[in-house]
Protein chains: 2
Amino acid sequence: MIKFDEQKQIESVNGALALRGEIERIVDEIYDTGFDGIYWIGIGGTYASAMQAEVYMRGKTKLPVYVDNAAQFITTGNPRFTDKSVMIISSVTGNTVEMVKAVEKANAIGARVFGFIDKAEANLAKMCSYCISYPANEQLKFFMTANRLMYRNGEFPEYDRYNKEMEAHLAQALADVEKAADGFGKEFAMKHCEDPIHYFVGAGVQWGSTYSYAMCYWEEQHWIRTKSITAEEFFHGMLEIVDKNTAVTVFLGEDEQRPLAERVAAFLPKICGNYTLIDTKDYAKHLEGISPEFRGSISHLVTHAVTQRIDAHMELINRHPVDIRRYYRRLDY
Amino acid sequence: MIKFDEQKQIESVNGALALRGEIERIVDEIYDTGFDGIYWIGIGGTYASAMQAEVYMRGKTKLPVYVDNAAQFITTGNPRFTDKSVMIISSVTGNTVEMVKAVEKANAIGARVFGFIDKAEANLAKMCSYCISYPANEQLKFFMTANRLMYRNGEFPEYDRYNKEMEAHLAQALADVEKAADGFGKEFAMKHCEDPIHYFVGAGVQWGSTYSYAMCYWEEQHWIRTKSITAEEFFHGMLEIVDKNTAVTVFLGEDEQRPLAERVAAFLPKICGNYTLIDTKDYAKHLEGISPEFRGSISHLVTHAVTQRIDAHMELINRHPVDIRRYYRRLDY
């Protein structure tokens with residue numbers, strides 16, 4: 001399998017899961033001190049992850065949790081963000097300009113900032129009240145933080161069982177999904193490598209990853225045009241431009257918004273002959289050991305394991321190395 | 001001028017502005033009774049308007065104001081939405097299934113619902129705690145509600161002057177913008193009537209209208225493909241797929257997020273030879289009587305007056321009557 005180092009990947013996920021003690025100490029300190037709001041803030045790919053953390057918590061918690069875009073936080077701001085608020089961020093490079101400014105603003109207000117900054121030596125890491133530096137696995141780190149917050153708020157009684165299952169099975173399960181999806185990924189990449197535009201549809205925790213997959217992978221890395229749309233909004237405009245040849249992919253996860261994606265999946269065959277469903281349920285046998293009721297919280301990791309295989313083959317088929325950027329961080333803007 | 005009845009349009013806007021007394025009585029009752037959250041809820045075009053109302057208030061108020069999508073409210077829900085919460089909605093037909101279900105859920109929780117339901121006889125109108133039935137002008141009705149909420153919360157001291165200016169000048173100003181934009185609208189429609197895809201970029205209160213213009217007008221009515229993106233996110237992926245021929249339109253308003261759109265406008269000429277800026281400042285002379293500091297709150301109405309002219313010409317050029325739907329409300333889904 002190209003671009004797949006099973007051992008390295010398993011270690012990466014298990015290393016993230018092993019951050020739990022550190023995350024719990026930080027979240028406990030935040031929880032015990034009290035706060036008037038938890039703000040998941042990002043831009044681009046990290047905004048997508050912030051949206052996922054917020055929607056994951058939204059339906060389950062009484063805690064005041066919000067999502068905002070760093071650039072909007074800098075310009076529009078929010079008078080309800082105070083010195084009792086907590087900003088949670090993630091940054092790989094630690095030098096994304098909007099993130100640096102957002103954290104500066106939070107610091108000026110006197111709020112606490114909990115950052116997952118991959119590069120410990122980045123200045124942004126020093127600007128955080130709490131910082132964990134561990135590479136990749138952004139969504140996992142966010143969801144571990146969300147889980148502890150809800151556990152402390154008495155809203156996640158299955159917390160211990162959940163963590164036991166994840167720590168025992170998640171890393172291998174994701175690797176197994178990736179292996180199982182390799183054939184599909186190759187076929188999909190061959191079919192869609194020259195798409196003039198590709199539509200991606202998702203809902204719930206799948207929405208952030210759908211948005212990010214379209215924008216941060218296909219547009220930014222593969223230079224293929226995309227549009228991403230939430231499943232519910234698909235029916236309020238976008239459906240009109242779908243015809244038999246339109247390439248549409250629907251991501252189906254297992255959280256409470258699954259019915260919204262299922263509605264698109266059920267409708268598409270009536271009007272489209274070029275659609276694909278990527279459904280986490282199809283990979284259930286690789287997720288054994290993880291209880292069905294917990295699978296909604298990892299659906300986006302499962303579909304990411306699938307799309308990793310598309311990306312690996314797409315890069316080769318299109319002879320377009322995904323590290324090249326035309327403009328991003330190469331021009332002034 | 002095709003599809004333009006100046007007198008009718010002026011009366012429509014002035015009629016909406018004349019709802020102020022009624023809106024104030026309802027908002028005052030809500031404010032005096034107290035609430036734990038104001039939730040702007042919609043789907044499709046009304047979700048776009050809800051996003052606009054929320055971002056308009058976000059930077060100015062300490063009030064707990066939120067935006068949610070009706071389909072997400074039905075599925076994911078929000079434990080913080082209680083019998084002390086207020087849902088604000090708008091619906092033209094009064095029978096959009098997601099809106100009906102969202103209001104049913106709000107009623108079951110015991111929350112108050114303030115609805116602008118154009119058809120007074122719709123069942124949805126009867127399901128609202130407070131209802132105003134007056135056609136069109138959805139965003140204006142929402143912003144009038146937002147303004148009164150902020151005024152009552154001591155956050156809008158210029159409220160009286162603001163309303164005097166709007167009531168004296170807004171209706172004529174928007175008609176004048178439309179007349180001034182007719183030539184541009186025709187030229188733009190001729191140039192872009194066969195676009196394989198058109199990109200629309202916006203920020204702040206322009207974002208909801210950018211999203212809605214792309215989806216509810218070009219996709220749903222003109223059957224032309226679009227992608228809409230917020231100005232800040234343009235730089236985190238989408239820029240990579242823009243080349244000299246890519247059709248990109250940037251909407252520039254005059255609220256606090258204007259710098260985000262200006263950044264895109266300044267960058268585009270470096271990589272794109274097929275871009276258009278629709279800037280409300282270009283229509284300043286038609287907005288005389290409305291103070292510059294209030295123009296951010298009507299920027300989306302100004303750009304709508306401009307895009308109305310594009311739509312009128314596009315419909316004729318493409319010989320595609322905008323009332324036709326291929327699938328929307330014509331198939332089961």
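Throughout this document, residue positions are counted from 1 along each chain, in the order its sequence is written. In the order they appear in the text, chains get letters beginning with A and ligands get numbers beginning with 1. This being a predicted model, a pLDDT of at least 70 is required before a residue's local features are given, and a value of 80 or more before pairs of side-chain atoms are given or counted; all residues contribute to the totals for chains, interfaces and linings. Note: side-chain values were computed over all heavy atoms of the structure, leaving out hydrogens and water.

Chemist: Just give me the short version of the overall build of chain A, but keep the residues and values in it.
Modeler: Helix and strand assignments follow DSSP, with helices taken as H or I runs no shorter than four residues and strands as E runs no shorter than two, numbered in order from the N terminus. Summing up its helical and strand segments, chain A has 13 helices and nine strands in all. In chain A, which comprises 333 residues, the share counted as buried stands at 64%. In chain A, the proportion of contacts linking residues at least 24 apart, taken out of those at least 6 apart, comes to 79%. For chain A, the exposed area adds up to about 12,100 Å²; of that, 50% sits on carbon and sulfur atoms. Each charge class in chain A was averaged separately, 37 positive and 46 negative side chains, and the resulting centres sit 2 Å apart. Only protein chains enter the accessibility calculation, which uses a 1.4 Å probe; a residue is then buried when its area is under 20% of its type maximum, exposed when over 50%, and partly exposed in between. Contacts were defined at the residue level, with two residues in contact if any of their heavy atoms lie within 4.5 Å. Here, Shrake-Rupley sampling with a 1.4 Å probe gives the accessible areas, and only protein chains in the shown set may cover a residue. For the purpose of counting charges, residues Lys and Arg are taken to be positive, whereas Asp and Glu are taken to be negative. His and the chain ends are not included. In this description, the location of a charge corresponds to atom NZ of lysine, CZ of arginine, CG of aspartate or CD of glutamate.

Chemist: Outline the relation of the copies chain B and chain A, supporting the account with residue identities and numerical values.
Modeler: What connects the two chain copies is a rotation about an axis and a shift along it. When the copies are superposed, the least-squares fit takes in the C-alpha atoms of residues with a pLDDT of at least 70 in both. In the superposition of chain B on chain A (RMSD 0.0 Å, axial shift 0.0 Å), the rotation amounts to 180°. Given the turn and translation reported, the copies of this chain are related as if by a two-fold rotation axis. The C-alpha atom lying nearest the rotation axis in chain B is that of Lys227(B); the distance is 2.9 Å. Most of the interface of chain B is mirrored in chain A, where 100% of its interface residues are also at the interface.

Chemist: Lay out the nonpolar core with the relevant residues and their values.
Modeler: Think of a nonpolar core as a cluster: buried Ala, Val, Leu, Ile, Met, Phe, Trp, Tyr and Cys residues, connected wherever their side-chain atoms sit within 4.5 Å. Core analysis: the biggest nonpolar cluster contains 109 residues, and Met87(A), Ile89(A), Phe234(A), Met87(B), Ile89(B) and Phe234(B) have the highest contact counts within it. Ignoring sequence-local partners within four residues, the contact set of Met87(A) consists of Tyr39(A), Ile41(A), Phe73(A), Phe81(A), Ala102(A), Val103(A), Ala106(A), Arg112(A), Val113(A) and Phe114(A).

Chemist: Describe helix 5 (residues 97–109) of chain B, listing the residues and the values that go with them.
Modeler: Residue and element names in this part refer to chain B. The end-to-end C-alpha distance of helix 5 is 19 Å, a good match for the 18 Å that 13 residues give at a rise of 1.5 Å each. Considered for burial, the residues of helix 5 that qualify are Glu98, Met99, Ala102, Val103 and Ala106. For helix 5, the angular spread of the buried residues around the axis is 130°, confining them to a single face. Remark: glycine 110 follows helix 5 within two positions and exhibits a positive phi of approximately 95°. A helix is expected to reach a length of 1.5 Å times the quantity of its residues less one. Directions from the helix axis toward the C-beta atoms define the arc.

Chemist: Any details on the pairing of strand 4 (residues 112–117) of chain B? Residues and values, ideally.
Modeler: Residue and element names in this part refer to chain B. Most of strand 4 is tucked away, with six of its six residues classed as buried. Of the two faces of strand 4, the one holding Arg112, Phe114 and Phe116 and the one holding Val113, Gly115 and Ile117 are both buried throughout. When the strands point away from the viewer, a crossover counts as right-handed if the path from the first strand over the helix to the second runs clockwise. A crossover links strand 3 (residues 85–91) with its parallel partner strand 4, the connecting element being helix 5, and its sense is right-handed. Pairing between two strands is assigned when DSSP locates at least 2 bridges connecting them. Sheet topology places strand 4 next to strand 5 (residues 130–132); three bridges connect them, and they run parallel. In the sheet register, phenylalanine 114 faces strand 5, and the bridge partner there is tyrosine 130.

Chemist: Residue-level account of the pattern of salt bridges, with values.
Modeler: Definition used for salt bridges: Asp or Glu carboxyl oxygen within 4 Å of a side-chain nitrogen of Lys or Arg. Counting across every chain of the model gives 46 salt bridges over all chains. Glu219(B) is paired through a salt bridge with Lys227(A); the nearest N and O atoms lie 2.8 Å apart. Of this pair, Glu219(B) sits in helix 9 (residues 205–222) while Lys227(A) is found in strand 7 (residues 226–230), placing the two residues in two different chains. Among the residues examined, Lys227(A) registers a relative accessible area of 4% and is labelled buried. Here Arg325(B) and Glu220(B) are joined by a salt bridge, their closest N and O atoms 2.9 Å apart. Highlighted residues: Arg325(B) in the segment after helix 12 (299–317) and Glu220(B) in helix 9, separated in sequence by 105 residues.

Chemist: Requested: an account of the environment of Phe156(B), with residues and values cited.
Modeler: Residues and elements named next belong to chain B. Relative to the helices and strands, phenylalanine 156 is located in the loop between helix 7 (138–152) and helix 8 (159–192). Taking the C-alpha atoms as reference points, phenylalanine 156 and lysine 60, 96 residues apart in sequence, are found 8.7 Å from one another. Apart from residues no more than four positions distant in its own chain, phenylalanine 156 is found in contact with Tyr56, Asn147, Met150, Tyr151 and Tyr162.

Chemist: An account of the interface of chain B and chain A is requested, with residue identities and associated values reported.
Modeler: Each partner contributes residues to the interface: chain B has 66 residues there, and chain A has 66 residues. Between chain B and chain A, roughly 6,000 Å² of surface is buried when both sides are summed, and carbon and sulfur atoms account for 51% of that area. On inspection of chain B and its partner chain A, the count reaches eight salt bridges. Of all the secondary-structure elements, those providing two or more residues to the side of chain B that touches chain A are helix 3 (45–58), strand 2 (65–69), helix 4 (70–75), helix 5, helix 9, strand 7 (226–230), helix 10 (231–234) and helix 11 (258–271) of chain B. By the convention adopted, Pro, Cys, Tyr, Trp, Phe, Met, Ile, Leu, Val and Ala count as nonpolar, Lys, Arg, Asp and Glu as charged, and the other residues, Gly among them, as polar. Partitioning the side of chain B that touches chain A into residue classes produces 30 nonpolar, 16 polar and 20 charged. A 1.4 Å probe defines the accessible area here, and the buried area is the portion of it lost by two parts on being joined, summed over both.

Chemist: Break down unusual backbone geometry for me, citing the residues and quoting the values.
Modeler: Among all residues save glycine, negative phi is the norm, and among peptide bonds the norm is trans. Look at Ala136(A): it is not a glycine, yet its phi comes out positive at around 60°. Assignment of secondary structure puts Ala136(A) in the loop between strand 5 (130–132) and helix 7 (138–152).

Chemist: Just give me the short version of the packing of helix 1 (residues 6–17) of chain B against helix 8 of chain B, but keep the residues and values in it.
Modeler: Any two packed helices are characterised by the angle at which their axes cross and by the distance between the axes. Residues and elements named next belong to chain B. What counts as an axis is a line fitted to C-alpha atoms, over the stretch in contact for a helix, and the angles between N-to-C directions run from 0 to 180 degrees. Put simply, helix 1 and helix 8 touch, their axes get as near as 9 Å, and they point 145° apart. For helix 1 against helix 8, the interelement crossing comes out right-handed. Across the interface between the two elements, Glu6, Gln9, Ile10, Val13, Asn14 and Leu17 from helix 1 touch Met166, Glu167, Leu170, Ala171, Gln172, Leu174, Ala175, Asp176, Glu178 and Lys179 from helix 8. Residues of the contact of helix 1 with helix 8, tallied by class, amount to eight nonpolar, three polar and five charged. Crossing chirality is assigned from the near helix's rotation relative to the far helix, an anticlockwise turn below a right angle marking it left-handed and a clockwise turn marking it right-handed.

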